[in-house]
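Structural overview for review
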Amino acid sequence: SSGINAEYGGQLDIQVHDKLATRTVVRAQVGANIQTFLLDLGFKLDYEVVMKGKRYKTKQIETTIYKVQKVPKQGDVSSTTDISSQSLVEMTMQVHNLTDPSISELLSLAETLKPIVKLEKYDPNRTTAK
């Protein structure tokens, strides 16, 4: 299917556990004219990045391991460069309520990864483009 995958990660809804927080995320496939639409709404393009990596899925948990790369010239993804030598690991799952027993599966997976992955909370306000 053609189009651009857009994702909006809303504000932190609630802190459930010291390693687990909930956030409303909206994912949608949008047309190629999304940039024009956003510019018409008054948005300015701040910077452009490419997330390059792999996504793994179990029944309920989605794990993505990727590097964030800078796009030197808008729209030209042929010569991207890594922003960092480190990879990001993101684990997500959809639950309908905070008492869902499958949340323990996500926490268990996080504990399993602890020896090989530095677990830090993601703070989008700390992220800056250079």
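Keep in mind that what you see is a predicted model, and the values were worked out from it rather than measured.

**Details of helix H2 (residues 103-113)**
The set of residues buried in H2 consists of Ile103, Leu106, Ala110 and Leu113. Considered in projection along H2, the buried side chains sweep an arc of 90° and stay on one side of the axis.

**A word on the confidence of the model for the protein chain**
The predicted model of the protein chain averages 79 in pLDDT, with 82% of residues at 70 or higher. Within the protein chain, strand E3 (residues 49-57) carries the highest mean pLDDT (91), whereas strand E1 (residues 4-17) carries the lowest (71).

**Re the environment of Arg27**
By the secondary structure assignment, Arg27 is in strand E2 (residues 20-30). Apart from residues no more than four positions distant in its own chain, Arg27 is found in contact with Ala6, Glu7, Glu62 and Thr92.

Rules used throughout
- Residues numbered from 1 in each chain as written.
- Predicted model: local features only at pLDDT ≥ 70, side-chain atom pairs only at ≥ 80, totals over all residues.
- Heavy atoms only, no water.
- Buried < 20%, exposed > 50% of the residue type's maximum accessible area, 1.4 Å probe, protein only.
- Helix = DSSP H or I, 4+ residues; strand = E, 2+ residues; numbered from the N terminus.
- Arc of directions from axis to C-beta.
- pLDDT = per-residue confidence, 0-100.
- Contact = heavy atoms within 4.5 Å.

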